[in-house]
Amino acid sequence: MATLLLMPSLSPTMEVGVISSWKKKAGDKIEIGEVLAEIETDKAVMEWEMADEGFIRQLLVQTGQEIPVGTPIAVLADSADEDISALVAQAAAGGAPAPAVALAAAGGAPTQGAPKAAPVAAVTPAPAAAAVGATGGRPASAPAVTSAIAPAVTRNGERVKISPYGRKLAVEHRVDWRALAGSGPGGRIVAQDVHAAVASGGAGAAGGVIAKAGPVPAAAPAPGAAFEDLPLNLMRKAIARKMAESKQTVPHFQATRKVRMERMLDARAGLKQDFPDLKVTVNDLLIKACAAALRQHPVVNSQFLGDRVRRFHTVDIAVAVGTDDGLITPVLRNVDQKGLLQIAAEMRDLARKARERKLAPEEYTGGTFTISNLGMFGVTEFNAIINTPQACILAVSAVVKEPVVEEDKLAIGHTMNITLSSDHRVVDGVAAAKFLDTLTRILQNPAAMLL
């Protein structure tokens, strides 16, 4: 029996996905565990492994399109000659129920306890991925229940078929989608048709009209142009949403300490001299020091969950890593129980995966505390935005040479500023100051990490 394969949810925050590449084409046989596609999420590019076998009869979406979670993207059949016309027509129309397989787990496995087949009409995309109506749609907080392919208004008495994301784009850019010709399955209008209409400055494939269009997708800038507009990728959209929410809803406050770093630098130099092949950075030492301080101040190692505060017994530190697409925070687990060499090796591996966008969801979720280090770029002080629902984030600056006072005499010292941003609903000023005092003492006397 033929079934529809739906866009899977490959991360806890994924609302839409982009097919980066199909690994199979229509007509190919696929086995359990084989990769059907690479999918770009808001955090990584992940391989989508099949939890069933059969023949890929039809691919319903093209690469590069943003597709809401739960939308049909391919047809899987038991045989190479099974009739799938009715199934494709039902999916394109978004009307009558059709069999579907919703692969939701990171590895592509069906959700635990879910049946192999489920009706398309019951698919409920995440609220932000729901279809937006002509009046601007429902608020993001409102419940959204839509079919996988959203019906639209009529054209010459016939219903115009448009995908949920295509309709959302059309509303945002004020495009009359009734005048567009769809390039999707069954003539359905998809996101790229709307983008083409916007880029054309007026007429789409069938004379679509734009009424004072809003922001347009990126295009090659004209010679001498004063600017160019760059569309947000999924990661940048997720960052924008998360940071705006944190800054607007969390009562931040900051506390800063200046740390003398001579002993820490000497300790690192001694390690390099005695163990030339050892690859330990100041950041690795800082992670270890934070773990030791967090064990002494569990209030900082907490999350705010609305009606309660969750205080952790494990120390799982997220470390901000810069990529070409934005920041991501891979998580080192149980840092307080690991040696320096293990921390350094795991951090190198996670940073490499982050830059290649190959992190698995469990490698960037569930942190209890975050470190953001801009010292390698010469930044001398900054405030970081809290990575909610965590209660705190530490901003680490560069080690610099500057005048210091030692026993009433002026000297040259190596100093570093550390700034703790805290959620005042969880951590008050005294608690933040005590944590910074403990961390400062550890950094100024690295042997304290062994206690």
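Look up a bit, the structure's there.
Residues numbered from 1 in each chain as written. Predicted model: local features only at pLDDT ≥ 70, side-chain atom pairs only at ≥ 80, totals over all residues. Heavy atoms only, no water.

A.B. asks: Which residues make up the overall build of the protein, and what are the values?
C.D. replies: Scanning the protein from terminus to terminus reveals 8 helices and 23 strands. The buried share of the protein, reckoned over its 451 residues, is 47%. Carbon together with sulfur atoms contributes 55% to the accessible area of the protein, which is approximately 21,400 Å² in total. (Helix = DSSP H or I, 4+ residues; strand = E, 2+ residues; numbered from the N terminus. Buried < 20%, exposed > 50% of the residue type's maximum accessible area, 1.4 Å probe, protein only. Areas by Shrake-Rupley, 256 points an atom, 1.4 Å probe, with all protein chains shown as cover.)

A.B. asks: Please set out the packing of aromatic side chains residue by residue, giving values where relevant.
C.D. replies: Following the criterion strictly, the structure yields 1 aromatic pair and no others. One residue, Lys29, lies across the ring of Phe55, its end atom 5.8 Å from the ring centre. Positioned over the ring face of Phe304 is Arg425, at 3.8 Å from the centre of the ring. (Phe/Tyr/Trp six-rings, centres within 6.5 Å; stacked < 30°, edge-to-face > 60°. Lys NZ or Arg CZ within 6 Å of the ring centre and 35° of its normal.)

A.B. asks: Lay out unusual backbone geometry with the relevant residues and their values.
C.D. replies: Following Thr388, the chain continues into Pro389 via a peptide bond in cis, with omega recorded as 5°. With respect to the helices and strands, the residue Pro389 is situated in the loop between strand E20 (369-373) and strand E21 (392-396). Phi is positive for Arg357, close to 55°, though the residue is something other than glycine. By the secondary structure assignment, Arg357 is in the loop between helix H7 (340-355) and E20. Here Arg357 falls in the buried class, since its relative accessible area comes to 8%.

A.B. asks: Any chance you could break down the sheet that holds strand E7 (residues 66-68) for me, citing the residues and the numbers?
C.D. replies: Here we have 4 strands laid out as an open sheet, ordered E5-E4-E2-E7, and antiparallel in their pairing. Unpaired on one side and paired on the other, strand E5 (45-49) and E7 mark the two borders of the sheet. Neighbour-to-neighbour, the strand axes of this sheet turn through a mean angle of 45°, independent of strand direction. By the bridge criterion, 3 bridges tie strand E2 (residues 16-22) to E7 in an arrangement that is antiparallel. Paired with Val18 across the two strands is Glu66, which belongs to E7. Packed onto the sheet, helix H4 (residues 234-249) meets E2, strand E4 (35-40) and E7 and runs at close to 160° relative to E2. (Pairing = 2+ DSSP bridges. Axes fitted to C-alpha atoms, helices over the stretch in contact; angles between N-to-C directions. Contact = heavy atoms within 4.5 Å.)

A.B. asks: Could you give an account of the side chain of Asp423, naming the residues involved and the relevant values?
C.D. replies: Its location among the elements puts Asp423 in strand E23 (residues 409-423). Among the polar contacts listed, one links the side chain of Asp423 to the side chain of Arg425, at a separation of 2.8 Å. (Polar contact = N/O pair within 3.5 Å; in protein donor to acceptor, adjacent residues only side chain to side chain.)

A.B. asks: Tell me about the nonpolar core, and please be specific about residues and values.
C.D. replies: Ile317, Phe369 and Leu443 are the most contacted members of the largest nonpolar core, which has 53 residues in total. The element that contributes the greatest number of residues to this core is helix H6 (residues 282-296), accounting for 9 residues. Ignoring any residue separated from it by four or fewer positions in sequence, one finds Ile317 in contact with Ile287, Cys290, Ala291, Leu294, Pro330, Val331, Leu332, Val335, Phe369 and Ile371. (Core = buried A, V, L, I, M, F, W, Y, C linked by side-chain atoms within 4.5 Å.)

A.B. asks: Lay out the layout of surface pockets in plain terms, naming residues and giving numbers.
C.D. replies: By volume, the second largest pocket amounts to about 910 Å³. The wall of the second largest pocket is formed by 37 residues, among which Lys43, Lys242, Met243, Asn387 and Thr388 lie closest to the centre. Every element with two or more residues in the lining of the second largest pocket is listed here: H4, strand E17 (321-323), strand E18 (326-328) and E20. It is H4 that provides the largest number of residues to the lining of the second largest pocket, a total of 7 residues. By residue class, the composition of the lining of the second largest pocket is 15 nonpolar, 15 polar and 7 charged. (1 Å grid on protein atoms, 1.4 Å probe; cavity = no way out; pocket = protein on both sides within 12 Å on 5 of 7 lines; lining within 4 Å. Points joined across faces, edges and corners; volume = space filled by probe spheres on them. Nonpolar A, V, L, I, M, F, W, Y, C, P; charged D, E, K, R; others polar.)

A.B. asks: Describe the pairing of E4, and please don't skip the residues or the numbers.
C.D. replies: Taken across its 6 residues, E4 has 5 buried, putting it largely inside the fold. As judged from the 4 bridges shared by E2 and E4, these two strands associate in the antiparallel manner. Bridge pairing links Ile19 to Ile39 in E4. Pairing of E4 with E5 involves 5 bridges; the strand directions are antiparallel.

A.B. asks: Describe the pattern of salt bridges, naming the residues involved and giving the relevant values.
C.D. replies: Pairing is possible between side chains of opposite charge, provided their charged atoms come close. In this structure the tally under the stated criterion is 19 salt bridges. Two residues, Arg357 and Glu40, come together in a salt bridge whose shortest N-O distance is 3.1 Å. Within this pair, whereas Arg357 is found in the loop between H7 and E20, its partner Glu40 is found in strand E4, the two being separated by 317 residues in sequence. Just as Arg357 is buried, Glu40 falls in that class too. (Salt bridge = Lys/Arg side-chain N within 4 Å of Asp/Glu carboxyl O.)

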